[in-house]
Structure formats: C-alpha cells, structure tokens
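The residues making up each chain are set out below.
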Amino acid sequence: MALLPILRFPDPRLKKIAAPVQKVDDSLRRLAADMAETMYEAPGIGLAATQVDVHKQVVVIDVSEERNALLVLVNPRIESADGAKEGEEGCLSVPGIYDKVERAERVVVTYLDLEGQPQRLEAEGLLAVCIQHELDHLNGKVFVERLSQLKQTRIRNKLAKQARVTA
Ligand code: K1U
Ligand code: ZN
C-alpha cells in the first residue's frame, strides 16, 4: 500500500469532474486501499479520488470512532435526500479551515462495492454529511465553494499567506 499526496485548494485539478468506473478490478481495489491508508494517516473521515488527482468516481469513508468501518463507494449516486441541517465541515484539501455548511439530513446512496456488486445505503448524521462532501469532490466542488464570496476570499488569502510562510 502507499500514501498518496493530497491536492490543496485552490489547485485547479480539484475542479475536474470524475469519470464513472467501467470495471472494478485489482487496480481499482489497490487505489481504494491506498486511498484508505491515506485517509487514516491524514487523519480524515473521508477521501475522494479527486483529492489524490485520480479522476474516477471512488470515495472512501470511515466515520466510526474505532476507525474500523471502512466504506468504499464506487460510482456513488444520491438517489434521494431529505431534511436540511447546518454542520461544521473540514477538508483534507483545505487544512486548518472549518466552517458551517447546510446539507441534507438524510440521503439514500447507491454504489458499487469492491466486488462490483450494486449496493444501497440509507445514511444520516455525520455519514450523510460526509457522503455529500465526498460526492461534491467527485463533481469538482470543494466545501468552501459553498460559503459566501467574502468567506472564500478570506480563506484564499489565509491559504496564500500560509503557503508563503511554508515556502
Ligand atoms: O474529504 C475530505 O476532505 C475529508 C474530510 C471529510 C469531512 C469532514 C467533516 C465533515 C464532512 C466531511 C475530513 O475528514 S476533514 C478531517 C476531519 O473531519 C476529522 C479528522 C479526524 C477525526 C475526525 C474528523
Ligand atoms: Zn474535502
């Protein structure tokens, strides 16, 4: 397995739209294993392939306290969503920035598992939020782009300053 470098906002590659996976094979299973290792090491509760510069519809998620409930979603689709709730989000591509985003409270998602079998999952709470956050990544959207223009400008300035300090 391998740790993969995570793209940092506002890298333009985070805007790419991920393509559907045509075949679930060993190379896709290796990608998922590498993504999971990268997510656990970060640490994070989710990671989309877009964030490691692979533009395929794959996400890994583990919202469990014990960090032992890995979910791998291939070609995920939100079939239905209901309710609305504001909650704090962070992003491994935007380190150090946390803000409130409104999301659906519950979602039903369909996807393929690592055997290529269709699955259906009803999610609520943090899992529902994380699924929506990761599907945004597959559609080229980072959570800060859901914030006001003023907040986005402040975040871009803060990240540019951080980059100058660490250069
Ligand atoms: O996609 C990502 O960038 C990962 C992101 C997912 C996420 C967090 C919060 C709300 C929605 C989606 C993260 O994992 S940020 C790190 C984080 O939240 C966390 C890290 C360790 C333990 C618990 C949470
Ligand atoms: Zn993110």
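These numbers come from a predicted model, not from an experiment.

1. Quick word on the environment of Ile78
Argument step 1. Following the sequence through the fold, Ile78 ends up in strand S3 (residues 71-82).
Argument step 2. Each C-alpha atom of the pair Ile78 and Val60 lies 16 Å from the other, and the pair is 18 residues apart in sequence.
Argument step 3. If we ignore the near neighbours within four places in the chain, the residues touching Ile78 are Val107, Val108, Val109, Ile131, Gln132 and Leu135.

2. Side note on the coordination of the zinc ion (ligand 2)
Argument step 1. Those donors, Cys91 (SG), His133 (NE2) and His137 (NE2), are the protein atoms that reach the zinc ion (ligand 2), and they lie 2.0 to 2.3 Å from it.
Argument step 2. Written as a sequence motif, the donor residues of the zinc ion (ligand 2) are C-x41-H-x3-H. Here Cys91 is found in the loop between strand S4 (85-89) and strand S5 (99-103), whereas its partner His133 is found in helix H2 (residues 125-138), with 42 residues between them in sequence.
Argument step 3. What makes Cys91 buried here is its relative accessible area of 10%.

3. Looking at the site of ligand 1
Argument step 1. The environment of ligand 1 is made up of 13 residues, and the closest members are Ile45, Gly46, Gln51, Leu92 and Glu134.
Argument step 2. One of the backbone nitrogen or oxygen atoms of Ile45 is found 2.7 Å away from an oxygen atom of ligand 1.
Argument step 3. Here an oxygen atom of ligand 1 sits 2.9 Å away from a polar atom, N or O, in the side chain of Gln51.
Argument step 4. In isolation ligand 1 exposes 530 Å². Once the protein is present, 79% of that is buried.
Argument step 5. When atoms are counted within 2 Å of each cavity's grid points, the one that captures over half of ligand 1 is the largest pocket.
Argument step 6. Take the shell around ligand 1: its biggest share by element is four residues, from H2.
Argument step 7. Classifying every residue of the shell around ligand 1 by side-chain character gives five nonpolar, six polar and two charged.

4. Regarding the environment of Glu145
Argument step 1. Mapped onto the elements of the fold, Glu145 is located in the loop between H2 and helix H3 (149-166).
Argument step 2. Apart from residues lying up to four places away in sequence, Glu145 is in contact with Phe9, Lys15, Gly140 and Gln152.
Argument step 3. Looking at Glu145, its side chain comes within polar contact range of the main-chain nitrogen of Val142, at 2.8 Å.

5. Comments concerning H2
Argument step 1. With 14 residues, H2 ought to run about 20 Å at 1.5 Å a step, and its terminal C-alpha atoms sit 21 Å apart, in line with that.
Argument step 2. The buried count for H2 comes to 11 of 14 residues, which makes it a mostly enclosed element.
Argument step 3. Among all positions of H2, only Leu127, Ala128, Cys130, Ile131, Gln132, His133, Glu134, Leu135, Asp136, His137 and Leu138 are buried.

6. A short note on the nonpolar core
Argument step 1. The biggest cluster of nonpolar side chains holds 18 residues, and the ones touching the most others in it are Ile61, Leu71, Leu73, Leu121, Leu127 and Ile131.
Argument step 2. Per-element tally for this core: the top contributor is H2, with six residues.
Argument step 3. Here Leu121 is in contact with Leu71, Val107, Val108, Val109, Tyr111, Leu127 and Ile131, once residues within four sequence places are set aside.
Argument step 4. One finds Met35, Leu47, Val60 and Val72 within the second-largest nonpolar core, a separate group that totals 14 residues.

What counts as what
Residues numbered from 1 in each chain as written. Chains lettered and ligands numbered in written order. Predicted model: local features only at pLDDT ≥ 70, side-chain atom pairs only at ≥ 80, totals over all residues. Heavy atoms only, no water. Helix = DSSP H or I, 4+ residues; strand = E, 2+ residues; numbered from the N terminus. Contact = heavy atoms within 4.5 Å. Donors = N, O, S within 2.8 Å, 3.2 Å for Na, K, Ca; no water. Buried < 20%, exposed > 50% of the residue type's maximum accessible area, 1.4 Å probe, protein only. Near = heavy atom within 4 Å. Polar contact = N/O pair within 3.5 Å; in protein donor to acceptor, adjacent residues only side chain to side chain. Areas by Shrake-Rupley, 256 points an atom, 1.4 Å probe, with all protein chains shown as cover. 1 Å grid on protein atoms, 1.4 Å probe; cavity = no way out; pocket = protein on both sides within 12 Å on 5 of 7 lines; lining within 4 Å. Sits in = over half its atoms within 2 Å of the grid points. Nonpolar A, V, L, I, M, F, W, Y, C, P; charged D, E, K, R; others polar. Expected span 1.5 Å × (residues − 1). Core = buried A, V, L, I, M, F, W, Y, C linked by side-chain atoms within 4.5 Å.

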